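Breakdown of the fold
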Amino acid sequence: MTIAFITGATSGFGRATAERFAEAGWALVLTGRRRERLDELERRLAGKCPVLTRVLDVTDAQAVTECIAHLPEAFRAVSVLINNAGLALGTAPAQDSDPEQWQRMIDTNISGLTRVTHALLPTLIAQGRGSSIINLGSIAGHWPYPGGNVYCGTKAFVEQFSYALRCDLKGTGVRVTNLAPGLSESEFTLVRTGGDRAAYDQLYQGADPIQPEDIAETIFWVANLPAHLNVNQMEIMPVSQAWSPFSVHRD
Ligand code: NDP
Ligand code: 8X3
């Protein structure tokens, strides 16, 4: 039985990915901080595949270790890790930003992701050929933008960590992918703006953004490629999104 472990399964990409893998009958370990959402997901997916839900805050190092160490036998042989839990907080210039928000992004997007990875590496290596780590990077890790500061930095970390992991895992059969989506409609923007619905509407209106199901389909494709193939990096934007010219400040 193939088992996938998804962080941040309670919303957006993570939830859609759980649904996509459930359609194909994979066994799923679904994690996130919101118990009620996990319960709802479990109720919906339980008829399609084996599901285990665990409340897990990836910033809690001890909880990560214990969750993975105490997976029940039927869910222990994880062969796909989807490191999806993450967030952006704030859009202010660095000089006006809240350092507590910076720390939360670093704790979640970097420390959380690396801890979950470290805890599951022995399992993934034991599964060997065909197993995968799929990390949610972002276009923000490739292209800077005003107000992106630490969020951009965390996603650049995810990309380079993914590549360096590949070097270390060469010969184990474990694959690593940095998946870097662009403008995508999810609760991400509500989290980033502290629940500003007008900002959410303005960002996505008329842009035909990426939907969580699009990313779920991509993740499913990456995880199911023949075992001799590794997608190192994949950047996806909606057709409506492209680059801007460099900006120049003039006195
Ligand atoms: P959502 O806000 O919809 O989902 C984020 C998920 O992360 C939620 O399930 C949330 O669950 C979980 N999460 C946040 N903090 C923690 C934590 N400390 N511990 C465990 N889980 C946590 O956003 P998206 O689905 O859009 O984002 C998913 C990933 O994709 C993120 O890494 C994001 O940076 C990245 N991304 C998003 C893009 C976008 O435009 N939307 C584009 C490119 C990348 P809970 O609150 O229940 O813990
Ligand atoms: C999310 C995409 O451009 O809002 O990672 O930073 S962006």
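The structure under discussion appears in the preceding block.
This text gives an overview of the structure that appears in the document. (Residues numbered from 1 in each chain as written. Chains lettered and ligands numbered in written order. Predicted model: local features only at pLDDT ≥ 70, side-chain atom pairs only at ≥ 80, totals over all residues. Heavy atoms only, no water.)

Turning our eyes to something else, we now look at the overall build of the protein. Secondary structure summary: the protein contains eight helices and seven strands in total. Here the C-alpha coordinates of the protein stretch approximately 65 × 40 × 35 Å along the principal axes. Among the 251 residues that make up the protein, the fraction classed as buried is 47%. Within the protein, contacts between residues separated by at least 24 positions form 69% of all contacts whose residues are at least 6 apart in sequence. Charge centroids of the protein, computed over 21 positive and 26 negative side chains, lie 6 Å from each other. (Helix = DSSP H or I, 4+ residues; strand = E, 2+ residues; numbered from the N terminus. Buried < 20%, exposed > 50% of the residue type's maximum accessible area, 1.4 Å probe, protein only. Contact = heavy atoms within 4.5 Å. Lys, Arg positive; Asp, Glu negative; His and termini not counted. Charge placed at Lys NZ, Arg CZ, Asp CG, Glu CD.)

Where helix α1 (residues 12–23) meets helix α2 (residues 35–45), the closest approach of the two axes is 11 Å, and the angle between their N-to-C directions is 20°. Classified by the angle between their axes, α1 and α2 sit roughly parallel to one another. As α1 packs across α2, the resulting crossing turns out to be right-handed. For the pair α1 and α2, the contacting residues are Arg15, Ala18, Glu19 and Ala22 in the first and Arg37, Leu41, Arg44 and Leu45 in the second. (Axes fitted to C-alpha atoms, helices over the stretch in contact; angles between N-to-C directions. Parallel < 35°, antiparallel > 145°, perpendicular 65-115°, else oblique. Left-handed = near helix turned anticlockwise from the far one by under 90°.)

Taken together, 28 residues surround ligand 1, and among them Thr10, Ser11, Arg33, Tyr151 and Ser186 come closest. Residue valine 58 places a main-chain N or O atom 2.9 Å away from a nitrogen atom belonging to ligand 1. Lysine 155 is positioned with one of its side-chain polar atoms (N or O) 2.9 Å from an oxygen atom of ligand 1. Starting from 880 Å² of accessible surface for ligand 1 in isolation, the protein chains cover 96%. Counting residues per element, the ones that place at least two in the shell around ligand 1 are α1 and α5 (149–169). Broken down by class, the residue content of the shell around ligand 1 amounts to nine nonpolar, 14 polar and five charged. (Near = heavy atom within 4 Å. Polar contact = N/O pair within 3.5 Å; in protein donor to acceptor, adjacent residues only side chain to side chain. Areas by Shrake-Rupley, 256 points an atom, 1.4 Å probe, with all protein chains shown as cover. Nonpolar A, V, L, I, M, F, W, Y, C, P; charged D, E, K, R; others polar.)

With a phi angle near 45°, aspartate 208 is a residue other than glycine that sits in the positive phi range. On the secondary structure map, aspartate 208 appears in the loop between α7 (197–204) and α8 (212–223).

The local shell around ligand 2 consists of Ser138, Ile139, Ala140, Tyr145, Tyr151, Phe188 and Arg192. A distance of 2.6 Å is found between an oxygen atom of ligand 2 and a side-chain nitrogen or oxygen belonging to tyrosine 145. Within the side chain of tyrosine 151, one N or O atom sits 2.6 Å away from an oxygen atom of ligand 2. Out of a free accessible area of 250 Å², ligand 2 has 79% covered by protein chains.

A few words now on the pattern of salt bridges. Using the criterion set out here, one finds eight salt bridges in the structure. A salt bridge links arginine 44 to glutamate 40; its shortest N-O distance comes to 2.8 Å. Of the two residues, arginine 44 and glutamate 40 both sit in helix α2, four residues apart, roughly one turn of that helix. Between arginine 76 and glutamate 73 there is a salt bridge, and its shortest N-O distance comes to 3.1 Å. According to the relative accessible area criterion, glutamate 73 is exposed, its value standing at 61%. Where salt bridges share partners, they join Glu19, Glu40 and Arg44 into one cluster. (Salt bridge = Lys/Arg side-chain N within 4 Å of Asp/Glu carboxyl O.)

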